[in-house]
Structures are given as C-alpha cells and as structure tokens.
Amino acid sequence: MIQFQYTITDPNGLHARPAGLLVKEAQKFSSTVKLTRGEKSADLKRLFAIMGMGVKCGETVEVAVDGADEAQAAQTLEKFFQENF
C-alpha cells in the first residue's frame, strides 16, 4: 500500500468538475484507491462518495492506493492533485 497526503489549495475545495476528472483518472487503475479526510473516507472511483465528503480549501486529505499497479497509480494521482487542487 502506498499513501500520500495533500492539502487542498483550490479556493473552491474539491469541487465537481475536477473531482469528476479525478475519479476518471483513478478508474484507469486496477488498484483500490481510498480518499480520507479526518474520520470520513470514500472510494476515489465514486464521484458521489467524493463529493459527499465536502473537502474544502486548506484541508488535508490522504490517498491510499493498494493493488498491482499501486506505484504508478499513486504517482499519477499525486501529480493530478498537484496540478488541479
């Protein structure tokens, strides 16, 4: 399992349009991908689960990737967060 943390810098937080793109990015991999903020966690491959978390600007999330292609998935998703959130 590979984990990384990221602090959301987008003033709108983790909002619909980039969250949809994030879900599509996560779905490219066979690994299980989980997003956690505080006590809440959600499958990063499910848009409504991500939107339901209500992640706002300044909050830190943790992404955990587990599976056969976890190294590539974690690297790709961390880069996506840096470029979009």
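Here the structure is a predicted model, which means the values were calculated and not measured. Within each chain, residues carry numbers counting from 1 in the order of the written sequence. In keeping with the predicted nature of the model, local features appear solely for residues at pLDDT of at least 70, side-chain atom pairs appear and are counted solely at 80 or more, and the whole-chain, interface and lining totals rest on all residues. For the side-chain quantities, the full set of heavy atoms in the structure was used; hydrogens and water were omitted.

## Section: the nonpolar core
Burial of nonpolar side chains together is a common tendency in soluble globular proteins. As used here, the term nonpolar core means buried Ala, Val, Leu, Ile, Met, Phe, Trp, Tyr and Cys residues forming a set that is joined through side-chain atoms within 4.5 Å. For each residue, the accessible area found with a 1.4 Å probe, counting protein chains only, is set against the maximum for its type, and the residue is called buried under 20%, exposed over 50%, and partly exposed in between. Among the nonpolar cores identified, the biggest contains 25 residues, and L14, L35, L44 and F81 are the most heavily contacted of them. To qualify as a helix, a DSSP run of H or I must reach at least 4 residues; to qualify as a strand, a run of E must reach at least 2; elements of each kind are numbered from the N terminus. For this core, the elements supplying multiple residues, two or more each, are β1 (2–7), α1 (16–26), β2 (32–37), β4 (60–66) and α3 (70–84). Considering each element in turn, this core owes the most residues, five residues, to α3. Residue contacts follow a heavy-atom distance rule, with two residues in contact if any of their heavy atoms lie within 4.5 Å. Once you skip the residues sitting within four places of it in the chain, L14 turns out to touch I8, L22, L35, I50, M51, V55, F81 and F85.

## Section: the UniProt feature "domain: HPr" (unreviewed entry) in the protein
UniProt positions are given in the numbering used here, feature names are shortened, and annotations may be inferred rather than shown by experiment. UniProt annotation of "domain: HPr" (unreviewed entry) refers to residues 1–85 when read in the numbering used here. In the segment residues 1–85, helix accounts for 36% and strand for 27%; the C-alpha atoms at its two ends are 23 Å apart.

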